[in-house]
Amino acid sequence: MRVSRQTARLTSYGTVFLRMRCMHPRCRGAVILTGPSSEFGRSDLLMRGGRTRRVEVSLSPPGAAYVRRHRRVTNVYATVLLTHPDTLSTSEPLTILAPRRR
């Protein structure tokens, strides 16, 4: 699984969309976002091999509040745990931006 360096914006619903690429025949597992203070959010993952897609990750209420309070959070990492083959993949540092103000 490959998660390249990117900037994602938090939606008003408390989710972010991350671009991911499956490097195995099939990717099934979980995506966990960890930030400077704690775990920010998680999501289940299921992709066909060789595909790139945007994966929606829901942030926990404390994680979303942290992003809204700081407006821009750097050094967030996406850890991908795949069930088969048993692999662990960590992303390059990500940046999460707070929702746009209206």
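Each value, and the rule that gives it
Residues numbered from 1 in each chain as written. Predicted model: local features only at pLDDT ≥ 70, side-chain atom pairs only at ≥ 80, totals over all residues. Heavy atoms only, no water. Core = buried A, V, L, I, M, F, W, Y, C linked by side-chain atoms within 4.5 Å. Buried < 20%, exposed > 50% of the residue type's maximum accessible area, 1.4 Å probe, protein only. Helix = DSSP H or I, 4+ residues; strand = E, 2+ residues; numbered from the N terminus. Contact = heavy atoms within 4.5 Å. Phe/Tyr/Trp six-rings, centres within 6.5 Å; stacked < 30°, edge-to-face > 60°. Lys NZ or Arg CZ within 6 Å of the ring centre and 35° of its normal. Pairing = 2+ DSSP bridges.

Asks: Please explain the nonpolar core as it appears in this structure.
Replies: Generally speaking, a soluble globular protein has its nonpolar side chains buried in company with each other. Counting residues in hydrophobic clusters, the biggest one holds 28 residues, and the most contacted among them are Met-1, Val-16, Leu-18, Leu-33, Phe-40 and Leu-45. Listing elements by their share of this core, those giving two or more residues are β2 (15-21), β3 (26-34), β4 (39-48), β5 (52-59), α1 (61-70), β6 (72-82) and β8 (94-97). With 5 residues, the single largest contributor to this core is β6. Ignoring sequence-local partners within four residues, the contact set of Val-16 consists of Ala-8, Arg-9, Leu-10, Leu-33, Val-55, Glu-56, Val-57, Leu-59 and Ile-96.

Asks: What is the right way to look at the packing of aromatic side chains in this model?
Replies: Each pair of aromatic rings is reported with the distance of its centres and the angle of its planes. As enumerated under the stated definition, the model contains 1 aromatic pair in all. Positioned above the aromatic ring of Phe-17, the side-chain terminus of Arg-54 is 4.5 Å from the ring centre.

Asks: Looking at this model, I keep getting lost on the pairing of β8. Mind explaining?
Replies: Along a regular strand, successive side chains alternate from one face of the sheet to the other. Of the two faces of β8, both are covered, the one formed by Leu-94 and Ile-96 as well as the one formed by Thr-95 and Leu-97. Bridge count between strand β1 (residues 7-9) and β8: 3 bridges; the pairing is parallel. Bridged to Ala-8 within β8 is Ile-96. Here β6 runs beside β8; their pairing, made up of 3 bridges, is antiparallel. Bridged to Arg-72 within β8 is Leu-97.

Asks: How do you make sense of the environment of Leu-97 when you look at a structure like this?
Replies: With respect to the element layout, Leu-97 can be found in strand β8. By relative accessible area, which is 14% here, Leu-97 ends up buried. Beyond its immediate stretch of four places on either side in the chain, Leu-97 contacts Thr-7, Ala-8, Arg-9, Leu-10, Val-67, Arg-71 and Arg-72.

Structural measurements only, silent on function.
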